[in-house]
2 protein chains.
Amino acid sequence: MAQAYRVAILGATGAVGTELLSLLEQRNFPVADLRLLASERSAGVSRTFGGKSLTVEALGPHSFDGVDLVLASAGATISRQWAPRAVEAGAVVVDNSSAFRMDPQVPLVVPEVNPNAAATHAGVIANPNCTTILMALAVWPLHQVQPVQRLVVATYQSASGAGARAMEEVKQQAAAILADQLPPTEAFPYPLAFNLFPHNSPVNEQGYCQEEMKMVNETRKIFAAPDLRISATCVRVPVLRAHSEAINLEFSTPFAPKRARELLGQFPGVRLVEDWQANHFPMPIEASGQDDVLVGRIRQDLSHANGLELWLCGDQIRKGAALNAVQIAELLVAKQWLGVPTPV
Amino acid sequence: MAQAYRVAILGATGAVGTELLSLLEQRNFPVADLRLLASERSAGVSRTFGGKSLTVEALGPHSFDGVDLVLASAGATISRQWAPRAVEAGAVVVDNSSAFRMDPQVPLVVPEVNPNAAATHAGVIANPNCTTILMALAVWPLHQVQPVQRLVVATYQSASGAGARAMEEVKQQAAAILADQLPPTEAFPYPLAFNLFPHNSPVNEQGYCQEEMKMVNETRKIFAAPDLRISATCVRVPVLRAHSEAINLEFSTPFAPKRARELLGQFPGVRLVEDWQANHFPMPIEASGQDDVLVGRIRQDLSHANGLELWLCGDQIRKGAALNAVQIAELLVAKQWLGVPTPV
């Protein structure tokens, strides 16, 4: 008897929600029933799944009745409020927001990296921040073999990180600038088209923004390496989709680029893109819509005998968010770590 | 008796040449006579200087007759061929190309950093690469006080770095993409609008591209620190003008961010842009057209007790190229390191 699950997508009309919907279909996730949830504002909109039209419902007290699995991507405030209710109603929540990521009771999971952490869940499993997921995939295969001593990263983050409206705004800004008009700035504090700026999340006392601290703290948690030394500089760039990262790694002994290439080349979820002759390396337009994180430009660090430089691009909405969440759900199903399934 | 000089701009119609022309005027450089030189293709075009129209001449054997100072920005091949002839004709050449930068006989000068190096010139003075100049200005004030042990940089380089045509192409690409058409790619190997890619200069055996090696080698030469440990990752981003850099510095003892701020805040050519409350830091649109390099986000490196993180944006065409060249010329005039001036 095949098993299927009653699934709800919370934040179904957002950039990540839209991707969650199509991934569940593309990957044949065993869906017995699908409920699309969003704010009042988006309620009534329809979406297609498995050839059927579904109407988006406004989130409410009974939204999670009879639901086995919630894929939540509606922001930390909504998750803090509603995830506990979904768990109470018997669902397991894979939460894409930052609400529970650093909660010691909540596993923070990248399925290729720390799948077993998911076993310990008590109803909520957190999906890491996009930049963290992408970096974890590129660094873990090396860290596993030879622990990273220090990591310095600079990011190049696309508009998609701020949602579907932000992606649209960047296009509108570009059109305005090309027409010699003032670019609109609603989703972002400054024009992003033909410009860039340090990530606009709030800054802490040490001068690091939230996005940077996510990379530091979440990577430590995923790697179970609470003392791993990490520093990050997060920057928004006028790319529509897919983030890039320049990563500098230090080990305690030299790490041959050739060995790093071998390890990364065979790691699931990573694809090496390194054509030195053609000067062809990972680019956002080639990472967009892809499941794999593209890694390349693996080089011996000229400034440190034990250093390694690498470069990655990954689809922020896909592996950086929706795909990782669906993979967590698949892991829960495969390991039978989800609640009691509904026989079909 | 005031002194003025017979000046030639080589590559007068390019992005940097255009800026050289306006800087000579804005800064009241003592010009007795101005000759605009370019390729056959651009000859006959006219430009305005000091209210007078000047016709661009094709570069030829007599172009440098009677010229005191050549500001050259027509690429390394042209410079290698023509700079020696200009020197033979009695001119001093401030060369913006990479042709002579690493020549031990040729000073490589950022006037705020190593002005005295210019004294030793034998006819040619090299203007460093744009990314190097911007970084040198932000790092030297600290290095002077406490030598940098190691420097890791990731760049965000605008289209202007590839010239005026490239800036135009990025706009055309953006317009094409907004209209769902294929973007043209002539100046660049890949679309740059809404995309980014590692710098497309040729890659060496260690995997570093020329642009990265310029940052390594030129910084060492300018700082007279031949063993300074530097690693760089250079990336082109869809910004029209002004480069950005995320710089990680290691010292042998801690360097307080407060002290770094004080030093940078009072250094000529640097402007601190750091509003932590408003999340306002250097951005390309605010650096464009500015003489100063904007520096901010000075933070204690979370991953290293002796580390410091900083962020800069600087106008690549201005301080990164034309302004630095004119400042070198001004230095030569002020110190009387130029050839015999013409009485006016």
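A quick note: this is a predicted structure, and the numbers were derived from the prediction, not measured.

Draft legend 1. Seen up close, the UniProt feature "binding site: substrate" (unreviewed entry) in chain A. Residues and elements named next belong to chain A. In the numbering used here, UniProt assigns the "binding site: substrate" (unreviewed entry) feature to Q157 and R236. Look at the named residues: they lie 80 residues apart in sequence, but the longest C-alpha span between them is just 4.6 Å, so in the fold they bunch up. Mapping Q157 onto the fold places it in the loop between β9 (150-156) and α4 (164-178). When neighbours within four sequence positions are excluded, Q157 is seen to be in contact with T131, H199, E211, C234, V235, R236, V237 and H243. Note on placement: R236 falls in strand β12 (residues 235-236).

Draft legend 2. Structural view of the relation of the copies chain A and chain B. Laying chain A over chain B is done by rotating through 180° and shifting 0.0 Å along the axis; what remains is an RMSD of 0.0 Å. Within this description, the copies of the chain are treated as partners about a two-fold rotation axis.

Draft legend 3. Representation of the sheet that holds strand β11 (residues 229-233) of chain A. Residue and element names in this part refer to chain A. With mixed pairing, 6 strands are arranged side by side in an open sheet as β11-β9-β13-β16-β15-β14. Bordering the open sheet on either side are β11 and β14 (270-272), each of which pairs with just one other strand. Taking each pair of neighbouring strands and ignoring which way they run, the sheet shows an average axis angle of 25°. Where β9 lies against β11, 5 bridges are found, and the strand directions are parallel. Across the sheet, V152 pairs through a bridge with S231, a residue of β11.

Draft legend 4. Quick peek at the pattern of salt bridges. Across all of its chains, the model carries 38 salt bridges over all chains by this definition. R259(A) is the salt-bridge partner of E262(A), the closest N and O atoms lying 3.6 Å from each other. Residue E262(A) and its partner R259(A) are both found in helix α6 (residues 257-265); the two are separated by 3 residues, about one turn of the helix. By relative accessible area, which is 39% here, R259(A) ends up partly exposed. Across the pair R241(B) and D315(B) runs a salt bridge whose closest N-O atoms are separated by 2.8 Å. Linking R241(B) in the loop between β12 (235-236) and β13 (243-250) with D315(B) in the loop between β16 (307-314) and α8 (318-334), this pair joins segments that are 74 residues apart in sequence. An identical accessibility class is assigned to R241(B) and D315(B); each is buried.

Draft legend 5. Examining empty space enclosed by the protein more closely. In this structure the tally under the stated criterion is 2 cavities of 30 Å³ or more. Of the volumes computed, that of the largest cavity is approximately 110 Å³. Around the largest cavity sit 16 residues that line it, and V152(A), A154(A), V152(B), V153(B) and A154(B) are the ones nearest its centre. Mapped onto the lining of the largest cavity, the elements with two or more residues apiece are β9 and β13 (243-250) of chain A together with β9 (150-156) and β13 of chain B. Residue classes in the lining of the largest cavity are distributed as 10 nonpolar, 4 polar and 2 charged.

Draft legend 6. Seen up close, the packing of aromatic side chains. All names here are of chain A. By the definition in use, this model includes 17 aromatic pairs over all chains. Arranged with centres 6.4 Å apart and planes meeting at 50°, the rings of Y5 and F29 form a pair that is tilted. Of this pair, Y5 sits in strand β1 (residues 3-10) while F29 sits in the loop between α1 (15-26) and β2 (31-38), and the two are 24 residues apart along the sequence. By relative accessible area, Y5 is classed as buried at 4%. F29 sits in the buried class, given a relative accessible area of 6%.

Draft legend 7. Layout of the environment of A99(B). All names here are of chain B. Take A99: it is sitting in the loop between β7 (92-95) and β8 (124-126). Its relative accessible area of 18% is what places A99 among the buried residues. Separated by 21 residues in sequence, A99 and I78 have C-alpha atoms that sit 8.9 Å apart. Sequence-distant contacts of A99, that is, excluding residues within four places in its chain, are made with A76, S79 and R80.

The rules behind these values
- Residues numbered from 1 in each chain as written.
- Chains lettered and ligands numbered in written order.
- Predicted model: local features only at pLDDT ≥ 70, side-chain atom pairs only at ≥ 80, totals over all residues.
- Heavy atoms only, no water.
- UniProt positions renumbered as here; feature names shortened; annotations may be inferred.
- Helix = DSSP H or I, 4+ residues; strand = E, 2+ residues; numbered from the N terminus.
- Contact = heavy atoms within 4.5 Å.
- Least-squares fit on C-alpha atoms with pLDDT ≥ 70 in both.
- Pairing = 2+ DSSP bridges.
- Axes fitted to C-alpha atoms, helices over the stretch in contact; angles between N-to-C directions.
- Salt bridge = Lys/Arg side-chain N within 4 Å of Asp/Glu carboxyl O.
- Buried < 20%, exposed > 50% of the residue type's maximum accessible area, 1.4 Å probe, protein only.
- 1 Å grid on protein atoms, 1.4 Å probe; cavity = no way out; pocket = protein on both sides within 12 Å on 5 of 7 lines; lining within 4 Å.
- Points joined across faces, edges and corners; volume = space filled by probe spheres on them.
- Nonpolar A, V, L, I, M, F, W, Y, C, P; charged D, E, K, R; others polar.
- Phe/Tyr/Trp six-rings, centres within 6.5 Å; stacked < 30°, edge-to-face > 60°.

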